[in-house]
Amino acid sequence: MSGDYQIRRFEPAAKNEPDYDAAVAWSRAVAFGFHEESKSETRIDRGLAMSRADHSVFTGVYQTSEPAAYSLSAEVPVATFATWRKTLNVGFGKLVDAHLISAVTVRTSHRRRGLLRQMMSEDLALAKDDGVAIAALTASEASIYGRFGFGVATSEQSITVDTSARFKLNHAPEGTVEVADPKILLDLAPQIFEQQHRHLPGSIDRQESYRQYVSGSVGGDGADGDGGPDAKIKAALHYASNGDVDGYVSYKFGGWETEPATMEIVDLVAANSAAYLELWQYLGAIDLVERVKWSGVSVDNPLTWALEDPRCVKGSDPRDMLWLRILDIQKALEERQFPADGTLVLKVRDALGLTPGTFSLDVREGHATVTATDAAPDLELDISVLSSIYLGAVHPASLVAAGRIQENQQGAAFLAAQMFAVERPAFCPTHF
Ligand SMILES: CC(=O)SCCNC(=O)CCNC(=O)[C@H](O)C(C)(C)COP(=O)(O)OP(=O)(O)OC[C@H]1O[C@@H](n2cnc3c(N)ncnc32)[C@H](O)[C@@H]1OP(=O)(O)O
């Protein structure tokens, strides 16, 4: 870091702990960076408690010289960055540790001086040294993170579903759905999510804030602006035939002024497809409502295929969601299972120098052995591109067509598509 700045890492301290003031100033800087309203102390304390539950680490960049008269004090960071660790499902039920990055901001008056580059380069190197093979984030703008080796690994869309008389599901009903007090989701949501997480490639385990929001414990827009309980939240649960709860939906009414009357899904989590479709059957049956909206849905949504009239579902705004960054090629590839055997020699560029080189990927009976080699590469690609194909998000042939992969051996891109495939379309339902 240049002499003008100092970088500090600390934990989201509680009141009476030495770093509490730093944690509060850091939280205010993040809110400023994302143009949020200034938050009450109660709200900041609640956010810090959630960050502690996730064992987050805060990074702040501080001015070392005296700030201009009347401007923010040197105790308020000019740049912020948060990290924590959660598991990522890399296919076939395998969960691996991922290093998650969020809350990245640089104050406007200090931007484009390399502060993000400095924080990111240091942080990724530390994570790799700590033995984590993959980093992950979701991006505010798609133009920022490719240069640091991140590639899009899952996508999402918003949907609007016509639940008028047209809405008919073609499925064999299984189990039942009942309305519940949303507060029960404080306990149930993590348990049900865990079941979904284990069978969904691309899924990242959820941070503490999720169960708080989906249960309506926080997120309200009360007059005091402290983000307390959200009285609008409602919940329904799906019970399997054996009585186990294996799905939930948390939702809220859009208000009588909206036409047609609309329910908005806050979160829908299902451990299996029966629970998923039955929860939709429930949503489609809500009286006085003719439309259900959900943002953050898989582009490959099974609901469309389960409806007698698939045009009830209107998708919009398809967009990148999860970005992955392989930090250690050998570890990341050997950690996952491959559905097809084969050998590929990959020449990988890595501008940050974390894991460049030419590697032979040999897969036998689904297990990979990765070794450095001098052999001629079948495919040449950037680490961001390898991170995108890691969970089969995009067909390598499309990346050859886009000029992002150089295919030296005919058929190598097709072989890569078969080897890197996962058992169902990768999707990440967790925003962070
Ligand atoms: C994971 C998350 O938290 S996503 C949220 C990201 N944060 C935001 O969107 C909040 C608003 N934006 C910001 O706070 C800042 O503009 C940031 C964090 C995006 C960039 O911070 P800076 O310190 O200005 O970036 P820095 O100077 O280190 O630039 C590094 C490189 O990224 C490029 N870059 C930075 N921001 C952008 C951008 N928005 N779009 C395209 N390129 C960008 C720079 O040109 C530079 O390129 P180069 O080094 O290859 O020449």
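What counts, and at which threshold
Residues numbered from 1 in each chain as written. Predicted model: local features only at pLDDT ≥ 70, side-chain atom pairs only at ≥ 80, totals over all residues. UniProt positions renumbered as here; feature names shortened; annotations may be inferred. Helix = DSSP H or I, 4+ residues; strand = E, 2+ residues; numbered from the N terminus. Rg over C-alpha atoms; globule rule 2.2 N^0.38 Å. Contact = placed C-beta atoms within 7 Å. Pairing = 2+ DSSP bridges. Axes fitted to C-alpha atoms, helices over the stretch in contact; angles between N-to-C directions. Near = placed C-beta within 6 Å. Nonpolar A, V, L, I, M, F, W, Y, C, P; charged D, E, K, R; others polar. Buried ≥ 20, exposed ≤ 12 C-beta atoms within 10 Å, placed from the backbone. pLDDT = per-residue confidence, 0-100. Domains from an automatic or database assignment. Core = buried A, V, L, I, M, F, W, Y, C linked by C-beta atoms within 7 Å. Expected span 1.5 Å × (residues − 1).

The chain carries the name GNAT family N-acetyltransferase in an unreviewed UniProt entry, which gives Paenarthrobacter nitroguajacolicus as its organism. According to UniProt, the comment filed for the chain under the heading Subunit (unreviewed entry) is "Homohexamer; trimer of dimers." Looking at the Sequence similarities (unreviewed entry) heading of the UniProt record, one finds this comment for the chain: "Belongs to the acetyltransferase Eis family."

*Asks:* Even after reading the chapter, I still don't get the overall build of the chain, so can you show me in this structure?
*Replies:* When helices and strands are counted, the chain shows 11 helices and 19 strands. Taken against the 2.2 N^0.38 rule, which gives 22 Å for 432 residues, the C-alpha radius of gyration of the chain at 23 Å falls within 12% of a compact globule. On the principal axes, the C-alpha backbone points of the chain span a range of 65 × 65 × 35 Å. Sequence separation of at least 24 residues holds for 72% of the intrachain contacts in the chain that already meet a minimum separation of 6.

*Asks:* Would you explain the UniProt feature "binding site: acetyl-CoA" (unreviewed entry) in the chain in this entry?
*Replies:* Look at the UniProt record and you will see "binding site: acetyl-CoA" (unreviewed entry) annotated at Val 104, Thr 105, Val 106, Arg 112, Arg 113, Gly 114, Leu 115, Leu 116, Arg 117, Ser 140 and Glu 141. For Glu 141, the position within the fold is in the loop between strand S5 (134-137) and strand S6 (151-152).

*Asks:* How do you make sense of the sheet that holds S6 when you look at a structure like this?
*Replies:* One open sheet holds the seven strands; their spatial order is S1-S2-S3-S4-S5-S14-S6, and the pairing between them is mixed. Each edge of the open sheet carries a strand with a single partner, namely strand S1 (5-10) and S6. As paired elements, strand S4 (residues 95-106) and S5 share three bridges and run parallel to each other. The partner of Ala 98 across the bridge, within S5, is Ile 134. Contacts between helix H3 (residues 115-129) and the sheet are confined to S1, strand S2 (57-63), strand S3 (79-89), S4, S5 and strand S14 (323-326), with S3 contributing the most and set at about 35 degrees to the helix.

*Asks:* Explanation requested: the pairing of S4 in the structure shown.
*Replies:* On a regular strand, one side chain projects to one face of the sheet and the next to the other, so that they alternate. Bridging between S3 and S4 involves 10 bridges; their strand directions are antiparallel. Counterpart to Lys 86 in the pairing with S4 is Ala 98. Connecting S3 to the next strand, S4, in antiparallel fashion are five residues, including Gly 91 with a positive phi near 100 degrees.

*Asks:* Just to check I follow, could you spell out the sheet that holds strand S12 (residues 291-297) for this structure?
*Replies:* Two pairing modes exist for strands in a sheet, parallel and antiparallel, and in both the strands are linked by backbone hydrogen bonds. With mixed pairing, seven strands are arranged side by side in an open sheet as S8-S9-S10-S11-S12-S7-S13. Two strands close off the open sheet at either side, each with one partner strand: strand S8 (176-180) and strand S13 (313-320). The sheet shows a mean angle of 25 degrees between the axes of neighbouring strands, taken without regard to direction. Pairing between strand S7 (residues 155-162) and S13: six bridges, direction antiparallel. The partner of Glu 156 across the bridge, within S13, is Arg 319. Strands in contact with helix H4 (residues 185-198) are strand S9 (234-239), strand S10 (245-253) and strand S11 (262-270); relative to S10, the strand with the most contacts, it is inclined by about 120 degrees. Along the sheet face, helix H6 (residues 273-284) touches S8, S9, S10, S11 and S12 and points at about 30 degrees away from the line of S10.

*Asks:* What is the right way to read the site of the ligand from this model?
*Replies:* Around the ligand, the structure places 21 residues, and the nearest of them are Val 104, Arg 111, Leu 116, Arg 117 and Ser 140. Elements with a minimum of two residues in the shell around the ligand: S4 and H3. Broken down by element, the residue count for the shell around the ligand peaks at six residues, all from S4. Its residues assigned to classes, the shell around the ligand comprises nine nonpolar, six polar and six charged.

*Asks:* Sorry, what's going on with the environment of Leu 333 here?
*Replies:* Topologically, Leu 333 is positioned in helix H8 (residues 329-335). Here Leu 333 falls in the buried class, since 23 other C-beta atoms lie within 10 Å of it. Between the alpha carbons of Leu 333 and Val 90 there is a distance of 9.9 Å; along the sequence they are 243 residues apart. If we ignore the near neighbours within four places in the chain, the residues touching Leu 333 are Leu 361, Ala 368 and Val 370.

*Asks:* Help me out: how do you make sense of the confidence of the model for the chain in this one?
*Replies:* Parts of the prediction with low pLDDT should not have their coordinates interpreted in detail. Predicted confidence across the chain gives a mean pLDDT of 96, with 99% of residues reaching 70 or more. Across the whole predicted complex the pTM is 0.97, and at the interface the ipTM reaches 0.97.

*Asks:* Quick question: what am I supposed to make of the domain arrangement of the chain here?
*Replies:* Often the size quoted for an interface is simply the accessible area lost on bringing the parts together. Structurally, the chain comprises domain 1 (5-132), domain 2 (156-318) and domain 3 (328-420). Taking only C-alpha atoms, the centre of domain 2 and the centre of domain 3 are 37 Å apart.

*Asks:* Even after reading the chapter, I still don't get the nonpolar core, so can you show me in this structure?
*Replies:* Across soluble globular proteins, nonpolar side chains show a tendency to be buried alongside one another. Ile 134, Ala 136 and Ile 326 are the most contacted members of the largest nonpolar core, which has 82 residues in total. In this structure, this core is formed jointly by two domains, domain 1 (5-132) and domain 3 (328-420), each of which donates at least three residues. Not counting the four nearest positions on each side in its chain, Ala 136 is found in contact with Leu 88, Ala 98, Leu 100, Ile 204, Leu 322, Trp 323 and Leu 324. Listed in part, the 38 residues of the second largest apolar core include Val 161, Tyr 210, Val 269 and Ala 275.

*Asks:* Whenever I open this one, H4 confuses me. Can you help?
*Replies:* The α-helix advances 3.6 residues per turn, and as a result positions three or four apart in sequence lie on the same side. Helix length check: H4 (14 residues) gives 19 Å between terminal C-alpha atoms against 20 Å at 1.5 Å per residue, within 8%. Buried residues along H4 sit against S3, helix H5 (209-214), S9, S10 and S11.

*Asks:* It is not clear to me how unusual backbone geometry should be interpreted in this structure. Could you clarify?
*Replies:* Glycine aside, the phi torsion of most residues is negative, and most peptide linkages are trans. Put simply, Glu 259 and Pro 260 share a cis peptide bond, and its omega is -10 degrees. For Pro 260, the position within the fold is in the loop between S10 and S11. Residues other than glycine seldom take positive phi values, yet His 35 does so here, at roughly 60 degrees. With respect to the helices and strands, the residue His 35 is situated in the loop between helix H1 (20-33) and helix H2 (41-53).

*Asks:* Would you explain the environment of Gly 284 in this entry?
*Replies:* Summarising the element assignment, Gly 284 is placed in helix H6. Put simply, Gly 284 and Asp 54 are 230 residues apart on the chain and 35 Å apart in space, counted from C-alpha to C-alpha. In this view, Gly 284 contacts Thr 163 and Phe 167; residues no more than four positions away in its chain are not counted.

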